[in-house]
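What follows is the residue order along each chain.
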Amino acid sequence: MKLKGVVHVLIVKRYCSTKTWQRPFKPSYWYNPGSEPLTPMTTGQLVELAADKWGDKEALVSMHQKHRLTFKQVCEKADQLAGGLLDLGVKRGDRLGIWGPNSSEWYLTQMAAARAGLVLVNINPAYQTPELLYCLNKVGVKALIAAERFKSQDYHQMVQNIAPELMSSQPGKLESKAVPTLRSLIFISEQNLPGAFRFDDILGGAKAESIGQIRQMQDDIQPDEGCNIQFTSGTTGNPKATLLSHHNIVNNSLTIGKGLGYHLQEHRICLQAPFFHCFGNVVGVLSAMHYGATIVIPGASFKAEESLSSIDQEKCTIVYGTPTMYVDLVRAVDRIKPSLTSLQAALSTGSHCSQQLFEQMLDKLKVERVCSVYGLTETSPVVFQTHMSDTREQTTTTLGHSLAHLEVKIVDADGKMVPLGTPGELYVRGYSTMLCYWGDEDKTKEAIGQDGWFKTGDQFVLQEDGLGRVVGRLKDMIIRGGENIFPKEIEDFLQTHPDILEAQVFGIADERLGEEVCAAVRVTEGSTISQSDLKAYCKGKISHFKVPRYLMAVSEFPKTTSGKIQKFKLKEMLENKLGISK
């Protein structure tokens, strides 16, 4: 038997070294096995581990609330809140909604849900009453923790509009025809609102035996259990409810943090991204927890001036944000002139961040490096990430390499791999793929094949060195006179114009060419740009067929409630302006 084993190894080595593998066709496929194994730890166990390891070090600083929590306090308060939820009759596997802007209460709710084995349901704070109703019923939320109000929205009144029975109900005993699963409302408020508990009362009123029960549950909760539901914000139709497991988000955040160098030095993170989104609660909160980094939240929602002030006051070493946030941040630097002496790096979601904006971030924010992460809610979220060892050119023009333990491939319309360097749809396979779309078996099967590959819907290019570049969304591709045009390439170019802050490129129908290229732009204050100006700027720099035929200046882009720009609305605006009938 031993001899057979040796012969087998020799045969394999010889086969792998033959010229059969040196084909001219090099498929767009990459697998990063990683240097460390995945962890079977749950989110709740991570909270406890961080408390043991980091103790009295600050875990969270909420600037607008003047709250500071250490890792030890986070674990203690999370168990108190989790115990209080058990006392309300919430059980393992139940869905707990959280609805509100960034706050210490939101942060603690995320940890408490994990400790209690609940499925946390992240609800966008900008959602209006119909959207809230859809989310509550889609996943069967049993208890809802909510802010009292946010901006112009009165959350208690909005829930009352859905469930008028709230006004005559005892707290914890709601029976609503419109939301049959919802029993308990918990408001982050100093007032005793009708039909609802106060957050602080649940936090401080847990029975000792319930807290003890929470601590005993930690080894019983399994990493493959669902722990978080996030609603994907499509440009049309109702959002899908993405169910993620402990294994998904714990391992994704662990890998991200190491890629950012959190294991090499202490970091303080200015987190501008909202907690309800994967970027905020996985890339931000959980990555920090693995490595003892401090999360600093400047305000309930993004304001550039608050962020810059928080960076200086709290000596933040890295800032997280979206491209639009960085556009505003760069502009605000000139107005308030912060010192930014502690800031070392800036992290952005990479899919729509142009090289021009990256260069401005390096210059204005005085950072040593910019970093990108690319991913989707369904991939927990990060698939590609730039690393500390990447060159300036690599970090400003690519999304880096795929994360450890993930397979990626680029395919054509028939699902066949294209050659390296050729655009196609990005597929991903590995530990980070969501469990399912809650209550949508058909949509889950559409997204995840029987072979386990998740179809991202993003147009990608994989280089020979394994670095990835996003080209755009498949559905956004413009076909003009037989030419396939990817809007992101044109958007990145237009944003090199000194007067253009942001650009969105899309197509509208054309009788002769099939589609024409159009651009909507947001310009600097006091500036104007005409079609002839744009045409002159493009001449000799991009192909003639990529030059936008139509130009529309806007003060703001229409967006979904989670901040994604809605190109279909821009298209409608331009068609109305041109008098084009559908």
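Before any of the text, the structure's been laid out above.
Residues numbered from 1 in each chain as written. Predicted model: local features only at pLDDT ≥ 70, side-chain atom pairs only at ≥ 80, totals over all residues. Heavy atoms only, no water.

A. Layout of the overall build of the chain. Regarding its fold elements, the chain presents 18 helices and 29 strands. Relative to its length of 582 residues, the chain is compact, with a C-alpha radius of gyration of 25 Å against a globular reference of 25 Å. Along the three orthogonal principal directions, the C-alpha set of the chain runs to about 80 × 70 × 50 Å. In the chain, buried positions account for 55% of the 582 residues. Here the contacts in the chain between residues at least 6 apart in sequence split such that 69% fall between residues at least 24 apart. On the chain, roughly 25,700 Å² of surface is accessible, and the fraction owed to carbon and sulfur atoms is 50%. (Helix = DSSP H or I, 4+ residues; strand = E, 2+ residues; numbered from the N terminus. Rg over C-alpha atoms; globule rule 2.2 N^0.38 Å. Buried < 20%, exposed > 50% of the residue type's maximum accessible area, 1.4 Å probe, protein only. Contact = heavy atoms within 4.5 Å. Areas by Shrake-Rupley, 256 points an atom, 1.4 Å probe, with all protein chains shown as cover.)

B. A look at the layout of surface pockets. Considered as a void within the structure, the second largest pocket measures approximately 460 Å³ in volume. In this structure, the second largest pocket is lined by 25 residues; those nearest its centre are Thr397, Arg469, Val470, Lys488 and Asp492. Mapped onto the lining of the second largest pocket, the elements with two or more residues apiece are helix 13 (355-364), helix 14 (392-397), strand 24 (468-473) and helix 16 (487-494). By residue class, the composition of the lining of the second largest pocket is nine nonpolar, 11 polar and five charged. (1 Å grid on protein atoms, 1.4 Å probe; cavity = no way out; pocket = protein on both sides within 12 Å on 5 of 7 lines; lining within 4 Å. Points joined across faces, edges and corners; volume = space filled by probe spheres on them. Nonpolar A, V, L, I, M, F, W, Y, C, P; charged D, E, K, R; others polar.)

C. Quick peek at the pairing of strand 12 (residues 240-245). Counting buried positions along strand 12 yields five of six residues, so the element is predominantly enclosed. Where strand 12 and strand 22 (residues 436-437) come together, two bridges link them in antiparallel fashion. Looking across to strand 22, one finds that Thr242 is bridged to Tyr437. (Pairing = 2+ DSSP bridges.)

D. Quick peek at unusual backbone geometry. The linkage connecting Ser380 with the following residue, Pro381, adopts the cis geometry, with an omega of 0°. Structurally, the position occupied by Pro381 is in the loop between strand 17 (369-375) and strand 18 (382-385). With a phi close to 55°, Lys315 is a non-glycine residue in the positive phi region. Inspection of the secondary structure puts Lys315 in the loop between helix 11 (304-314) and strand 15 (318-321).

E. Spatial organisation of the side chain of Asp94. In this structure, Asp94 sits in the loop between helix 3 (71-87) and strand 4 (95-99). With relative accessibility at 16%, the residue Asp94 sits in the buried group. At 3.3 Å, the side chain of Asp94 and the side chain of Lys142 are in polar contact. Those residues within four positions of Asp94 in sequence are excluded, and the remaining contacts are Gly89, Leu118, Val119 and Lys142. (Polar contact = N/O pair within 3.5 Å; in protein donor to acceptor, adjacent residues only side chain to side chain.)

F. Region of interest: the packing of aromatic side chains. One pass over the structure, following the stated rule, counts 10 aromatic pairs. When the centroid spacing of 5.7 Å and the interplanar angle of 10° are considered together, the rings of Phe279 and Tyr320 count as stacked. With Phe279 in helix 10 (residues 278-291) and Tyr320 in strand 15, this pair connects stretches of sequence that are 41 residues apart. Site record: aromatic cluster; members linked through ring pairs are Trp106, Tyr107 and Phe275. Here Lys57 stacks its cationic end above the ring of Trp54, 5.2 Å away from the centre of that ring. (Phe/Tyr/Trp six-rings, centres within 6.5 Å; stacked < 30°, edge-to-face > 60°. Lys NZ or Arg CZ within 6 Å of the ring centre and 35° of its normal.)

G. Region of interest: the environment of Ala178. Position of Ala178 relative to the elements: it lies in the loop between helix 6 (155-162) and strand 9 (184-188). Look at Ala178 and you get partly exposed, because its relative accessible area is 32%. Ignoring anything within four residues of it in the chain, the contact list for Ala178 reads Leu133, Asn137 and Ile162.

H. Inspection of the packing of helix 2 (residues 43-54) against helix 4 (residues 104-116) at higher detail. Axis separation between helix 2 and helix 4 bottoms out at 7 Å; the angle between their running directions is 115°. In the crossing of helix 2 with helix 4, the sense of the turn from one axis to the other is left-handed. Of helix 4, the residues touching helix 2 (which contributes Thr43, Gly44, Gln45, Val47 and Glu48) are Met111, Ala114 and Arg115. Partitioning the contact of helix 2 with helix 4 into residue classes produces three nonpolar, three polar and two charged. (Axes fitted to C-alpha atoms, helices over the stretch in contact; angles between N-to-C directions. Left-handed = near helix turned anticlockwise from the far one by under 90°.)

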